[in-house]
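So you can see what is in the structure, the chains are spelled out below.
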Amino acid sequence: MSCCKVPVLIEAQVEMGSVNELEHKSLFRQEDDAAQTKEASLMEQGSLSTSFPQHTPKSPKNSVLNSIKIVIFCNKLNLLLPFGPLAILVHYMIDSKRWVFLLTLVGITPLAERLGYATEQLACYTGPTVGGLLNATFGNVTELIISIFALKNGMIRVVQLTLLGSILSNMLLVLGCAFFCGGLVFYQKDQVFDKGTATVNSGLLLMAVMGILFPAVLHYTHSEVHAGSSELALSRFSSCIMLIAYAAYLFFQLKSQSNSYSPLDEETNQNEETSAEDEDPEISKWEAIIWLSILTAWVSLLSGYLVDAIEGASVSWNIPISFISVILLPIVGNAAEHAGAIMFAMKDKLDLSLGVAIGSSIQISMFAVPFCVVIGWMMGQQMDLNFQLFETAMLFITVIVVAFFLQEGTSNYFKGLMLILCYLIVAASFFVHEDPPQDGI
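Residues numbered from 1 in each chain as written. Predicted model: local features only at pLDDT ≥ 70, side-chain atom pairs only at ≥ 80, totals over all residues. Heavy atoms only, no water.

1. With respect to the overall build of the protein chain
To keep things clear, this is the line we draw: Where helices and strands are cited, they refer to DSSP runs of H or I of at least four residues and of E of at least two residues respectively, numbered from the N terminus. Contacts: residue pairs with any heavy atoms within 4.5 Å of one another. Using the Shrake-Rupley algorithm and a 1.4 Å probe, accessible areas are obtained, with residue cover drawn only from the displayed protein chains.
When its secondary structure is counted, the protein chain shows 17 helices and two strands. Expressed as a percentage of contacts within the protein chain between residues at least 6 apart in sequence, the contacts between residues at least 24 apart total 84%. Of the accessible surface of the protein chain, which amounts to about 22300 Å², a share of 65% is contributed by carbon and sulfur atoms.

2. Here we look at the side chain of Ser-147
Positionally, Ser-147 belongs in helix H6 (residues 141-152). Residue contacts for Ser-147: discarding those within four places in its chain leaves Val-159, Thr-162, Leu-163 and Cys-372.

3. Re the nonpolar core
Test applied: Nonpolar core, defined: a set of buried Ala, Val, Leu, Ile, Met, Phe, Trp, Tyr and Cys residues in which side-chain atoms within 4.5 Å join the residues together. Accessible area is worked out with a 1.4 Å probe on protein chains only. A residue is then buried under 20% of its type maximum, exposed over 50%, and partly exposed in between.
Grouped together as the largest cluster of nonpolar side chains are 101 residues, with contacts concentrated most on Phe-101, Leu-175, Ile-358, Leu-395 and Leu-406. Element by element, the count of residues in this core is highest for helix H7 (residues 156-185), at 16 residues. Ignoring sequence-local partners within four residues, the contact set of Phe-101 consists of Leu-306, Ala-309, Ile-310, Ala-313, Trp-317, Ile-324 and Leu-329.

4. Points about the packing of H7 against helix H17 (residues 413-431)
Selection criterion: Inter-axis angles, ranging from 0 to 180 degrees, are taken between N-to-C directions of lines fitted to C-alpha atoms, where helices are fitted over the stretch in contact. Between 65 and 115 degrees an angle is taken as roughly perpendicular, under 35 as roughly parallel, over 145 as roughly antiparallel, and anywhere else as oblique. The sense of a crossing depends on the near helix, which, turned anticlockwise from the far helix by less than a right angle, makes the crossing left-handed and, turned clockwise, makes it right-handed. Residue type decides the class: Asp, Glu, Lys and Arg count as charged, Ala, Val, Leu, Ile, Met, Phe, Trp, Tyr, Cys and Pro as nonpolar, and the leftover types, Gly among them, as polar.
Relative to each other, H7 and H17 sit at 150°, their axes nearing to 7 Å. Classed by the angle they form, the pair H7 and H17 counts as roughly antiparallel. Pair H7 / H17 crosses with left-handed handedness. Of the residues belonging to the contact of H7 with H17, the class tally is 18 nonpolar, four polar and one charged.

5. Concerning a nonpolar patch on the surface
Let me state the cut-off plainly: Surface patches are drawn from residues lacking salt bridges whose relative accessible area is over 30%; two like charges belong together within 9 Å, two nonpolar side chains (Val, Leu, Ile, Met, Phe, Trp, Tyr) within 5 Å. Any Lys or Arg side-chain nitrogen located within 4 Å of an Asp or Glu carboxyl oxygen qualifies as a salt bridge.
A grouping of Phe-83, Leu-86, Leu-89, Tyr-92, Met-93 and Ile-94 is seen on the molecular surface, where their side chains present a nonpolar patch of about 670 Å² in accessible area. Its place among the elements puts Leu-89 in helix H3 (residues 83-93). Relative accessible area serves as the criterion here: at 48%, Leu-89 is assigned to the partly exposed category.

6. Some points on helix H4 (residues 97-123)
Rule in force here: Expected helix span is computed as 1.5 Å times (number of residues minus one).
Given a rise of 1.5 Å per residue, 27 residues ought to cover 39 Å, and the 38 Å separating the end C-alpha atoms of H4 matches this to within 8%. Counting buried positions along H4 gives 22 out of 27 residues, so the element sits mostly inside the fold.

7. Describing the packing of H4 against helix H13 (residues 321-333)
Interhelical geometry of H4 versus H13 gives an angle of 40° and a closest axis separation of 8 Å. By the criterion of interaxial angle, the relationship of H4 to H13 is oblique. Listed contacts from H13 to Phe-101, Leu-105, Ile-108, Thr-109 and Ala-112 of H4 are Ile-324, Leu-328, Leu-329, Val-332 and Gly-333. Taken together, the residues that form the contact of H4 with H13 break down as eight nonpolar, two polar and no charged.

8. Here's the deal with the packing of aromatic side chains
Put simply, the test is: Working definition: rings of Phe, Tyr and Trp (its six-membered ring) pair if their centres are within 6.5 Å, and the pair is stacked with planes under 30 degrees apart, edge-to-face with planes over 60 apart, and tilted otherwise.
Applying the stated rule across the entire model yields eight aromatic pairs. Here Tyr-246 and Tyr-249 contribute two aromatic rings whose centre-to-centre distance is 5.9 Å and whose plane-to-plane angle is 40°, an arrangement assigned as tilted. You can see Tyr-246 and its partner Tyr-249 sitting in helix H9 (residues 230-256), three residues apart, about one turn around the helix. You'll find Tyr-246 and Tyr-249 in the same group, each marked buried. An aromatic cluster is present here, built from Tyr-246, Tyr-249, Phe-367 and Phe-371 joined pairwise through their rings.

9. Regarding the environment of Glu-311
By the element assignment, Glu-311 lies in helix H12 (residues 310-317). Look at Glu-311 and you get partly exposed, because its relative accessible area is 38%. In the structure, Glu-311 is positioned 10 residues away from Ile-321 in sequence and 7.1 Å away in space, judged by C-alpha atoms.

10. Section: helix H8 (residues 195-220)
Condition: The definition of a polar contact used here is a pair of N or O atoms within 3.5 Å, where within protein one atom must be able to donate a hydrogen and the other to accept one, and adjacent residues in sequence count solely through side-chain atom pairs.
Helix length check: H8, at 26 residues, gives a terminal C-alpha distance of 37 Å against a target of 38 Å (1.5 Å per residue), a fit within 8%. Between a side-chain oxygen at the N-terminus of H8 and the backbone nitrogen of Gly-196 the separation is 3.2 Å; the capping residue is Asp-194. In the segment just after H8, His-222 is the residue with positive phi, at about 55°.

11. Considerations on the pattern of salt bridges
Close approach of charged atoms allows side chains of opposite charge to pair. Taken as a whole and judged by the stated rule, the model has three salt bridges. Notably, a salt bridge pairs Arg-157 with Glu-391, separated by 2.9 Å at the nearest N-O pair. One end of the pair, Arg-157, is in helix H7; the other, Glu-391, is in helix H16 (residues 389-406), with 234 residues separating them in the sequence. Considered together, Arg-157 and Glu-391 belong to a single accessibility category, that of buried residues. A salt bridge links Lys-189 to Asp-348, with the shortest nitrogen-to-oxygen separation between them at 3.0 Å. Of this pair, Lys-189 sits in the loop between H7 and strand S1 (191-192) while Asp-348 is found in the loop between helix H14 (335-346) and helix H15 (350-379), placing the two residues 159 residues apart along the sequence. Owing to a relative accessible area of 43%, Lys-189 belongs among the partly exposed residues under this scheme. For Asp-348, a relative accessible area of 18% gives the class buried.

12. Some words on the environment of Leu-80
Among the structural elements, Leu-80 can be located in the loop between helix H2 (64-73) and H3. What makes Leu-80 partly exposed here is its relative accessible area of 26%. Sequence separation of Leu-80 and Leu-111 is 31 residues, and the distance between their C-alpha atoms is 9.2 Å. What Leu-80 contacts, discounting residues up to four positions off in sequence, is Val-106, Gly-107 and Pro-110.

Fair warning: the whole summary comes from geometry, so function is off the table for now.
Set out below in structure tokens:
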């Protein structure tokens, strides 16, 4: 009797198992059908794409303490931040110009880097084109603030040399380091960037050279119609034209060529999509804006002390003011561009590296320089575009060299090394160059 019950029980269990299995499968089939229906509706609305899925950045919700921890305490370079307040204390207690200059220079370095970080975080919410322009803009805030303070103090020559040094530093040192580091990471191939964008950028740099070259030629050929005033009038007219050209360039980048900062290769796009999770912002959009405001205000405060100590530091160390203005100040001010351009190059995003380095040079030459001429005009300062013969020739040769390096649309570590060595020649030239005495210094 018991032997007859066993097969019956086994058969009943098998039937129950098959029923459960069928129910389980039907539930999964319903979930799959619901998921497919939802995905189809989203694709009809245009929020999903089968060929190019879009990655929307997740905005983190940080507390005040977490935001301070991320921006201030998570970067080892911020160990140099106390040098800023220390410079202010030294200014009021000892009044040693060389120590104030050195401490302020060191204290501004992490601020420039953090400005670049906050700009990159903000760029995550704006897209690649506006992001590239933001990187170039806030990367030059330090030099622009220093220039305005120097212009306010009547140090016209310091303004000219600082802006010139920033252009040279971006084109040779920043771009050279990006090419060199990117070439070492991808040493088995040549990195590729958009040749068309590089050609447009080279043309804009040559236009800037034209605007700076002609007032110097007019001065040294003694061919002015009205001695002493024609050169200034030409500089102010050319500055207005350059500002109009830069505004047209911004419109061209933002409207007509919205993908100019985006890599053109599909394979690069796929690599970016796979690493999109690593590029989610660490702070929210409003946190980035607030931090940009705080850092800019702190840089402005330290820049005033830095400008006041330039002359004293030059005399104490027996270093030409031209070397301090052209080499030392831009290296500190370009810390953000340095970090950003190298990081992008090591990720094989060379178009973004060019957008930061060359875009920054364009912004200084086509916007910051003529802007300072116009601001000086309003202040009653005779700021002009005559950068003197030695400096103008240095800028002209640099633009020609960089244009030749960009014409192929490829880069490697050898090209980067050549640009870095060119910058060393420029630095040595300004170290032995004695700037003629000017009324603005």
